[in-house]
Amino acid sequence: MEFKYQSGFGNEFASEDSRCPGALPEGQNNPQKCAYGLYAEQLSGDAFTAPRTNNQRSWLYRIRPSVLHEPFVKFERGNITHNWDEVEPNPNQLRWQPFDIPKKGAVSVDFVEGLATVCGAGDPKSRSGISIYIYACNSSMGDRCLYSSDGDFLIVPQEGELLITTEFGKMKVSPNEICVIQRGMRFNIGVEGETRGYVLEVFNDHFQLPNLGPIGANGLANPRDFLTPVAWYEDRDVKHYQVINKYHGYLFQARQNHSPFDVVAWHGNYAPYKYDLKNFMVINAVAFDHADPSIFTVLTCPSAKPGVAIADFVIFPPRWSVQEHSFRPPYYHRNCMSEFMGLIHGKYEAKEGGFNPGGASLHSLMTPHGPDEDCFEKASNADLKPEYIAGGTMAFMFESSFSMAVTKWGNETKVDKDYYLCWQPLQKHFDPNWKAPGSGKDKEQKTYSF
Ligand SMILES: O=C(O)Cc1cc(O)ccc1O
Ligand SMILES: [Fe+2]
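Residues numbered from 1 in each chain as written. Chains lettered and ligands numbered in written order. Predicted model: local features only at pLDDT ≥ 70, side-chain atom pairs only at ≥ 80, totals over all residues.

With that out of the way, let us pick up the overall build of the protein chain. From N to C terminus, the protein chain includes two helices and 28 strands. On C-alpha atoms alone, the protein chain measures out to a radius of gyration of 24 Å, which is about the 22 Å that the 2.2 N^0.38 rule sets for 450 residues. Counting only C-alpha atoms and orienting by the principal axes, one finds that the protein chain spans roughly 85 × 45 × 40 Å. With 450 residues in all, the protein chain has 41% of them scored as buried. Contacts in the protein chain between residues far apart in sequence, at least 24 positions, make up 78% of those at least 6 positions apart. (Helix = DSSP H or I, 4+ residues; strand = E, 2+ residues; numbered from the N terminus. Rg over C-alpha atoms; globule rule 2.2 N^0.38 Å. Buried ≥ 20, exposed ≤ 12 C-beta atoms within 10 Å, placed from the backbone. Contact = placed C-beta atoms within 7 Å.)

Below, the discussion takes up the sheet that holds strand E1 (residues 5–7). Pairing between the strands of a sheet comes from backbone hydrogen bonds, and it takes one of two forms, parallel or antiparallel. As summarised here, the arrangement of the nine strands in space is E1-E16-E20-E13-E10-E15-E8-E7-E28, forming an open sheet in which the pairing is antiparallel. Looking at which strands have only one partner, the edges of the open sheet turn out to be E1 and strand E28 (405–406). As paired strands, strand E8 (residues 128–137) and strand E15 (residues 195–202) are joined by eight bridges and run antiparallel to one another. Paired with Ala136 across the bridge in E15 is Arg196. (Pairing = 2+ DSSP bridges.)

Strand order across the open sheet formed by six strands is E6-E25-E24-E27-E22-E21, with antiparallel pairing between neighbours. Here the strands that pair on one side only, and so sit at the sheet edges, are strand E6 (94–96) and strand E21 (297–302). Here the average twist between neighbouring strands, direction ignored, is 15°. As defined by bridge partners, E6 adjoins strand E25 (residues 360–363) across three bridges and the pair is classed as antiparallel. Looking at E25, one finds that Leu94 is bridged to Leu362. (Axes fitted to C-alpha atoms, helices over the stretch in contact; angles between N-to-C directions.)

So, on to the UniProt feature "binding site: homogentisate" (unreviewed entry) in the protein chain. The UniProt record annotates "binding site: homogentisate" (unreviewed entry) at Tyr348 and His369. A stretch of 22 residues holds the annotated residues, and the largest C-alpha distance among them is 14.2 Å, short enough that they meet in one place. In this structure, Tyr348 sits in the loop between strand E24 (338–345) and E25. Here Tyr348 falls in the buried class, since 24 other C-beta atoms lie within 10 Å of it. Setting aside chain neighbours within four positions, we find Tyr348 in contact with Phe316, Leu343, Phe355, Thr393 and Ala395. Tracing the sequence through the fold places His369 in the loop between E25 and helix H1 (373–381). Exposure remark for His369: the 22 C-beta atoms within 10 Å place this residue in the buried category. (UniProt positions renumbered as here; feature names shortened; annotations may be inferred.)

On to the domain arrangement of the protein chain, then. Size of an interface: often given as the accessible area lost when the parts come together. Per the domain assignment, the segments of the protein chain are domain 1 (5–277) and domain 2 (280–425). Each side of the interface is counted separately: domain 1 has 48 residues, and domain 2 has 52 residues. Put simply, the parts of the chain that give the side of domain 1 that touches domain 2 at least two residues each are E6, strand E7 (115–123), E8, strand E10 (152–159) and E15. Looking at the side of domain 1 that touches domain 2, the element that brings in the most residues is E7, giving seven residues. (Domains from an automatic or database assignment.)

Let's shift gears to unusual backbone geometry. A positive phi angle, close to 50°, is found at Arg127, a residue other than glycine. Relative to the helices and strands, Arg127 is located in the loop between E7 and E8. The class for Arg127 is partly exposed, based on 14 C-beta atoms found within 10 Å. Non-glycine residue Asn176 carries a positive phi angle of around 85°.

What follows covers the site of ligand 1. All residues in the neighbourhood of ligand 1 are listed as Pro293, Pro330, His333, Asn335, Glu339, Ala350, His363, His369 and Met397. Residue composition of the shell around ligand 1, grouped by class: four nonpolar, four polar and one charged. (Near = placed C-beta within 6 Å. Nonpolar A, V, L, I, M, F, W, Y, C, P; charged D, E, K, R; others polar.)

For strand E9 (residues 144–148) and strand E17 (residues 237–247), the ladder comprises five bridges, and the chain directions are parallel. Each residue of the ladder has a partner; that of Cys145, found in E17, is Val243. Across eight bridges, E17 lies against strand E18 (residues 250–258) in antiparallel orientation. Of the residues in E18, the one forming a bridge with Tyr241 is Gln256. Hairpin connection of E17 to E18: two residues between the antiparallel strands, including His248 at a positive phi of 55°.

Glancing now at the nonpolar core. With 108 residues, the main nonpolar core has Leu154, Ile155 and Phe396 as its most contacted residues. Here this core spans two domains, and each of domain 1 (5–277) and domain 2 (280–425) adds at least three residues to it. Ignoring sequence-local partners within four residues, the contact set of Leu154 consists of Ile178, Val180, Val199, Leu200, Phe207, Leu299 and Phe313. (Core = buried A, V, L, I, M, F, W, Y, C linked by C-beta atoms within 7 Å.)

Below, the discussion takes up the pairing of strand E19 (residues 263–268). Of all six residues making up E19, five are buried, and the element is well covered by its neighbours. One ladder, built from four bridges, connects strand E2 (residues 13–16) with E19; its direction is antiparallel. What sits directly across from Phe13, in E19, is Gly268. Here strand E4 (residues 57–62) pairs with E19 via five bridges, running antiparallel. Looking at E19, one finds that Leu60 is bridged to Trp266.

The next thing to look at is the UniProt feature "active site" (unreviewed entry) in the protein chain. Annotation from UniProt places "active site" (unreviewed entry) at His290. Mapped onto the secondary structure, His290 falls in the loop between strand E20 (273–276) and E21. Look past the residues within four positions of His290 in its chain and what remains in contact with it is Ala285, Ser326, Phe327, Arg328, Pro330 and Tyr331.

Set out below in structure tokens:
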């Protein structure tokens, strides 16, 4: 498979499959007859009347319009749910061991069948909320595609490449890359073996790049590193192509007699994209203290309240740690936001043991958490020379203003019952006779050569 991309975040792209030059109409969207006998179809990602600055829509020129399918009927939704009352609320710190991947050669499970809701809140009917899933699969989707009417999917592969065909073209998304497939877009995922990852679905709005404020015009995730596929089509008649629609948290299937990936040309600013996390330009404290993790925000889906996110996608990339006279790892804290974390590879600095690639953790609203005992003792006594935080590490966080509920599946699957034990050895160090270090020498700036 060949993969070609156009770069830039939120651009007005225009793309036509090179087999059909001139497929995109010039100067208008709705010619009386489109070139090559194509149908014109608009995909609206925002209300027609949304302000120009954030109105997303695309025009697709395709062999048949999407409406050409049989009626939708129910499809077994497996472990997908938006029922947040399945089990009683649980305010505990939660950690999951790596989720099982169905073995290749055993039962075949594709991306749709392997999607399971771990936690979430809100409701796609009122277009307010989020849902977090694990996917674990071993087979390609074949003649089947999925689209969500409920929200935008941010997909974080952890194990195995995803070969994604969309109506806008093809993307290859590997672990340490992410992609976003927005509401309404049909996609098919091919896999080559045992495959696992995380999905954040937002019901409210689309992801955008965070504002940079005093950081300036560049930094964090730079717009040019976001890649959108070029148009690609297949003119393929099949007996039963299965279109699966996620709607109100349920799945439905409709049959049609052709591939939905028949878009010969498209233009617009509502299009899927991928991003390689290695391109993230890390900003951090270079003198003292621990900066809040918002400095690592890759993408944010804003709420109507300024500065408060429906969900942020935050990463913890490899970086230098150089702060002086400081406790460098994450501080102990209680947060008015929910923190769902996953690990793509390596180790996470606050939890070197127990938090493993392909696993997860959830620290709910105001649930206390922070470094485990081992991390606290080591970091409190470490010689504070510049240190590279493990080259192979990539943890991430879906941070949300929603107070999320855990599903029955999430409550019963791979839960690490002993998670709380990682804090139990924390000692009392309080000494009422403690004296401030007189010389202040330990606060002096040191120079290291390395
Ligand atoms: O809890 C966590 O590990 C995530 C996190 C990291 C950090 O550096 C500061 C705050 C925070 O919630
Ligand atoms: Fe936290």
